[in-house]
Amino acid sequence: YWRDWSSDVCSSDLYLNTVPLIWGMLHGMQKDRFDLKLTVPSGCADAIAGRQADVGIVPSIEFQRIEDVAIIPGMSIASKFEVKSVVLLSKKPLAEVKTVALDQSSRTSAALVRILLQKFYSRQADFIPAAPDPVEMLKHADAALLIGDPALTYNGPRAEAYDLAREWRKFTGLPFVFAVWMGHHGANLSRSRQDFVASRDFGLAHVDDIAAEYAPLLGLTPSFLRVYLTRNIDYSLDEENLQGLKLFYKLAHEVGIAPANKQIRFA
């Protein structure tokens, strides 16, 4: 391992949308250059906050909550229009929702639900942390937030499924950024950027391989997963995505989810 700079990397193999970003670290030229640790998104945030990792794919809201961190530019897990893997299952129209069960492995999507309900639907709902079991969640709440592969593969009781990226786009006209590469400001992140870009590019060049490997695990078709990874998920951090991220931070502060509205700091 290259122990002298950003060697401890946190990511998730529990959610398919992270896989292209780390595919080069798993199978490409970046393999063995980093100590790669796999966990859920909230676990990556905690690892960065506790300095147990130098850099990670972290829920975007955590930039506003963790001190002295920077974002590696040019990359994210975002959605331009419809994400498919972040949904709010609801037994009622959103304008009538009073209770929401939140997947406790989520940070950014949980914040997005709060913003959508409070800012755009004028709802002051009660939020209940829960394990990602939609059947149980809907027993105890009007709506349930599901993220990642459980959202992609949900086939439980009938409920209206609100795609949260689509809802955000409907009200703001902007994409939504769910996660970014983030690390401590003093961890020489700029030196690692080339490897992270190369790992992502290697993954996007091998989307067919990723889709073929994960399709039987998820019970979905390779063609469905290929569309998901190339159309529903956007792995850039272009100007439009940045505008969406900045608005998200502004609204998160206004509704009290983020302690401040820090200006984005890039490595």
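Above this text sits the structure in question.
**Student:** Any chance you could explain the sheet that holds strand S8 (residues 126-130) here in plain terms?
**Tutor:** Strands sit in the order S8-S7-S9-S6-S10 across an open sheet of five strands; the sheet is mixed. In this open sheet, the two strands that pair with only one neighbour each are S8 and strand S10 (160-163). Averaged over all pairs of adjacent strands, the angle between strand axes in this sheet comes to 25 degrees, irrespective of strand direction. Sheet analysis places strand S7 (residues 99-103) next to S8, joined by five bridges and oriented parallel. Bridged to Asp 103 within S8 is Ala 130. The sheet strands contacting helix H3 (residues 108-120) are strand S6 (86-90), S7, S8 and strand S9 (143-147), and the helix crosses S7 at an angle near 160 degrees. In the packing of helix H6 (residues 164-172) onto the sheet, the strands contacted are S6, S9 and S10, and the crossing angle to S10 comes to about 60 degrees.

**Student:** Can you help me understand empty space enclosed by the protein in this one?
**Tutor:** Rolled over the atoms, a probe with the dimensions of a water molecule shows which regions are left empty. With the rule as written, the count across this model stands at one cavity of 30 Å³ or more. Quantified by volume, the largest cavity comes out at close to 230 Å³. What lines the largest cavity is a set of 19 residues, among which Asn 17, Pro 41, Ile 147, Phe 178 and Ala 179 lie closest to the centre. Those elements that place two or more of their residues in the lining of the largest cavity are strand S3 (55-59), H3 and strand S11 (176-184). Here the element with the most residues in the lining of the largest cavity is S3; it accounts for three residues.

**Student:** What should I look at first to understand the environment of Asp 201 in this one?
**Tutor:** Along the polypeptide, Asp 201 turns up in helix H7 (residues 189-205). Its relative accessible area of 39% is what places Asp 201 among the partly exposed residues. Residues Asp 201 and Pro 216, spaced 15 residues apart in sequence, show a C-alpha to C-alpha distance of 24 Å.

What counts and what doesn't
Residues numbered from 1 in each chain as written. Predicted model: local features only at pLDDT ≥ 70, side-chain atom pairs only at ≥ 80, totals over all residues. Heavy atoms only, no water. Pairing = 2+ DSSP bridges. Helix = DSSP H or I, 4+ residues; strand = E, 2+ residues; numbered from the N terminus. Axes fitted to C-alpha atoms, helices over the stretch in contact; angles between N-to-C directions. Contact = heavy atoms within 4.5 Å. 1 Å grid on protein atoms, 1.4 Å probe; cavity = no way out; pocket = protein on both sides within 12 Å on 5 of 7 lines; lining within 4 Å. Points joined across faces, edges and corners; volume = space filled by probe spheres on them. Buried < 20%, exposed > 50% of the residue type's maximum accessible area, 1.4 Å probe, protein only.

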